[in-house]
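# A look at the structure
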Amino acid sequence: MAKKSRAATSETAARSTSGRRRERGAAPEAVVEKVDGGLAELIPDRDRPRGWTLLLDGAPQSHVDLDDPAHLDFAYQRRLGHLVDLIAPPKQPLQVLHLGGGAFTMARYVAATRPRSTQQVVEIDVALVQLVRRELPLDPGARIRVRGVDAREGLAKLPEGWADLVIADVFSGARTPAHLTSAEFLADVRRVLKPAGHYAANLADGPPLAHLRGQIATAAAVFPNLALAADPAVLRGKRFGNAVLLGSQAALPVAEWTRRVATDPHPGRVAHGRDLADFTGGAAAVTDANAQPSPVPPAAVFK
């Protein structure tokens, strides 16, 4: 993960210097700006001329390559990308709802790999949306609409059976808000999905993995078919990290997803069926009445 960075100049100076240097064709500098959710930093990728990493209060949120929006740098985003590739024939347009915007990495990926897709991004941090639009502009031809509201509020506005895919990647202060962890929330996700639609969530947890197990149990109460992809060390409870949970009322592309996840630059493992049920270990589903935000990541995670 990218390390926490602080610019030596003021926020305004960092922003204006970045713009001038890009106009002259020189290497870009970090852009630092206060947003609703904390301090946002756009850090240039020294290996990719137009690559950027977004950090919020030092926590890596997104990576974007403006020259190659199909490039996915973070392991969990690659796992989401594999899913986008597998749930429909190549190039077939999709209707996708993104809960959580970040730098719009996955929306850019869908637009690049499945032209003519219709997408909605729900991101409550309006100042962050303005920063990303200004510094990392979206393709004006992409059919991406961004709404500046709470994820659950935005979800409620979507009609029944609208989405082929709902991606939940919502973090506030590096934690998923409690109201986005419940069975009631997932029931509304299921309402918005088409009968063969898929739900994918980026979850973060560490030992003893109580949050992750609870989220699997919650999804199992809503979706009959589940699969989970993560680093083997995360699944063994050896360290804090990300896991991608996939749910659907339809059959899942488990075999090919497993193969692709296993051959990534940072290989992961996919659990499903009896393996996933054993991992869940009898955890109870989460409801609105007892929901809690995801755990605070250890400070060492972002160093």
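Above this note sits the structure.
So, a few notes on the structure that sits alongside this text. (Residues numbered from 1 in each chain as written. Predicted model: local features only at pLDDT ≥ 70, side-chain atom pairs only at ≥ 80, totals over all residues. Heavy atoms only, no water.)

A few words now on the packing of aromatic side chains. By the definition in use, this model includes two aromatic pairs. Ring geometry for Phe 74 and Tyr 76: centres 6.3 Å apart, planes at 45°, overall tilted. The residues Phe 74 and Tyr 76 share a single accessibility class, namely buried. Arg 213 extends its terminal NZ or CZ atom over the ring of Phe 279, reaching a point 4.7 Å from the ring centre. (Phe/Tyr/Trp six-rings, centres within 6.5 Å; stacked < 30°, edge-to-face > 60°. Buried < 20%, exposed > 50% of the residue type's maximum accessible area, 1.4 Å probe, protein only. Lys NZ or Arg CZ within 6 Å of the ring centre and 35° of its normal.)

Right, let's talk about the packing of helix H2 (residues 75-86) against helix H3 (residues 105-113) for a bit. Packing of H2 against H3 brings their axes to within 11 Å, and their N-to-C directions diverge by 35°. Handedness of the crossing formed by H2 with H3: right-handed. Of H3, the residues touching H2 (which contributes Gln 77, Leu 80, Gly 81, Val 84 and Asp 85) are Thr 105, Met 106, Tyr 109, Val 110 and Thr 113. Split by residue class, the contact of H2 with H3 holds five nonpolar, four polar and one charged. (Axes fitted to C-alpha atoms, helices over the stretch in contact; angles between N-to-C directions. Helix = DSSP H or I, 4+ residues; strand = E, 2+ residues; numbered from the N terminus. Left-handed = near helix turned anticlockwise from the far one by under 90°. Contact = heavy atoms within 4.5 Å. Nonpolar A, V, L, I, M, F, W, Y, C, P; charged D, E, K, R; others polar.)

Take the pairing of strand E7 (residues 143-147) next. Strand direction decides the pairing type here: strand E6 (residues 118-122) and E7, joined by five bridges, are parallel. Across the sheet, the residue bridging to Thr 118 is Arg 143, located in E7. With helix H4 (residues 126-135) bridging E6 and its parallel neighbour E7, the resulting β-α-β unit is right-handed. (Pairing = 2+ DSSP bridges. Right-handed = clockwise from strand over helix to strand, strands pointing away.)

Here Ala 220 is to be found in helix H7 (residues 210-220). For Ala 220, a relative accessible area of 46% corresponds to the partly exposed category. Sequence separation between Ala 220 and Gly 247 is 27 residues, and the spatial gap between their C-alpha atoms is 8.1 Å.

Now for the side chain of Gln 77. Assignment of secondary structure puts Gln 77 in helix H2. Only 3.4 Å separates the side chain of Gln 77 from the side chain of Tyr 76, close enough to count as a polar contact. Not counting residues within four places of it along the chain, the set of residues in contact with Gln 77 comprises Gln 61, Ser 62, His 63, Leu 72, Thr 105 and Met 106. (Polar contact = N/O pair within 3.5 Å; in protein donor to acceptor, adjacent residues only side chain to side chain.)

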